[in-house]
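Take a look at the letters that make up each chain.
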Amino acid sequence: MAETHAETHADLEGREIVIAPGGCTGWHYHRVELIAVVRSGTLTRILHDDSVVVHRAGTSFIEPAGIAHIHLGRNLGAEPVVLYVTCDALPEGAEFSIPSPAPPGSTPCACSGPAL
């Protein structure tokens, strides 16, 4: 399967995502790969395999696309988590993330999370 990548800045889109202290994103996945930079706070991600990855301010990570990469983001700290996210431009009207049930064997999350 061939991958497509943005060829110009017009082919990219960016968002600022804020997760309040104690908040979470809910289980979800993305239709396109994205690059995230943690501007402030500490983001704790629980991945599809139940592994936990912690990202502090000033770090970045790549989020793979597709349902095989379901994950959950939590803010366990006392200050808001602010993420700057960049990805290939989505089709008009397409949602940035797709809500999903918790992966098999993972703990369901009670939070509904922000609209990503």
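It should be noted that the structure appears before, not after, this text.
Every value quoted in this text rests on a predicted model; they were computed, and no experiment measured them.

Draft legend 1. The arrangement of the overall build of the protein chain in detail. Looking only at helices and strands, the protein chain features 0 helices and 9 strands. Considering the protein chain as a whole, with its 116 residues, one finds that 36% of them fall into the buried category. Carbon and sulfur atoms make up 56% of the accessible area of the protein chain, which totals about 6800 Å².

Draft legend 2. Region of the structure containing empty space enclosed by the protein. Tallying each qualifying case throughout the model produces 1 cavity of 30 Å³ or more. By volume, the largest cavity is sized at about 140 Å³. Considering the residues around the largest cavity, the lining is formed by 18 residues, among which His28, His30, Glu63, His71 and Leu83 are closest to the centre. Mapped onto the lining of the largest cavity, the elements with two or more residues apiece are β1 (12–19), β3 (34–40), β4 (42–47), β6 (60–63), β7 (71–74) and β8 (81–88). Per-element tally for the lining of the largest cavity: the top contributor is β7, with 3 residues.

Draft legend 3. Broad picture of the sheet that holds β1. Strand order in the open sheet formed by 4 strands is β1-β8-β3-β6, with antiparallel pairing between adjacent strands. Looking at strand neighbours, the two that pair on one side only are β1 and β6, the edges of this open sheet. For this sheet the average axis-to-axis angle between neighbouring strands, irrespective of direction, equals 25 degrees. Sheet analysis places β1 next to β8, joined by 8 bridges and oriented antiparallel.

Draft legend 4. How the structure looks around the nonpolar core. One finds Ile17, Leu34, Leu43, Leu83, Val85 and Phe96 to be the most contacted residues of the largest nonpolar core, which totals 13 residues. Counting residues per element, this core draws most heavily on β8, at 4 residues. Counting residues in each nonpolar core, the second largest holds 8 residues, with Tyr29, Ile46, Ile98 and Cys109 among its members.

Draft legend 5. A look at the pattern of salt bridges. Tallying each qualifying case throughout the model produces 2 salt bridges. Taking the shortest distance from any N to any O, the salt bridge between Arg45 and Glu63 comes out at 2.3 Å. Here Glu63 lies in strand β6 and Arg45 lies in strand β4, a separation of 18 residues in the sequence. Neither Arg45 nor Glu63 differs from the other in exposure class; each is buried.

Draft legend 6. A look at the environment of Pro103. Position of Pro103 among the secondary structure elements: in the segment after β9 (98–99). When neighbours within four sequence positions are excluded, Pro103 is seen to be in contact with Trp27, His48 and Ile70.

Draft legend 7. Layout of the side chain of Glu63. Judged by its relative accessible area of 6%, Glu63 is buried. For Glu63, the side chain forms a polar contact with the side chain of Arg45, separated by 2.3 Å. Once you skip the residues sitting within four places of it in the chain, Glu63 turns out to touch His30, Val32, Glu33, Leu34, Arg45 and His71.

Draft legend 8. Representation of the environment of Ser100 in the model. For Ser100, the location among the structural elements is in the segment after β9. A relative accessible area of 15% places Ser100 in the buried class. Taking the C-alpha atoms as reference points, Ser100 and Leu72, separated by 28 residues in sequence, lie 9.8 Å from one another. Once residues lying within four places of it in the same chain are set aside, the contact partners of Ser100 are Trp27, His28, Tyr29 and Ile70.

The rules behind the values
Residues numbered from 1 in each chain as written. Predicted model: local features only at pLDDT ≥ 70, side-chain atom pairs only at ≥ 80, totals over all residues. Heavy atoms only, no water. Helix = DSSP H or I, 4+ residues; strand = E, 2+ residues; numbered from the N terminus. Buried < 20%, exposed > 50% of the residue type's maximum accessible area, 1.4 Å probe, protein only. Areas by Shrake-Rupley, 256 points an atom, 1.4 Å probe, with all protein chains shown as cover. 1 Å grid on protein atoms, 1.4 Å probe; cavity = no way out; pocket = protein on both sides within 12 Å on 5 of 7 lines; lining within 4 Å. Points joined across faces, edges and corners; volume = space filled by probe spheres on them. Pairing = 2+ DSSP bridges. Axes fitted to C-alpha atoms, helices over the stretch in contact; angles between N-to-C directions. Core = buried A, V, L, I, M, F, W, Y, C linked by side-chain atoms within 4.5 Å. Salt bridge = Lys/Arg side-chain N within 4 Å of Asp/Glu carboxyl O. Contact = heavy atoms within 4.5 Å. Polar contact = N/O pair within 3.5 Å; in protein donor to acceptor, adjacent residues only side chain to side chain.

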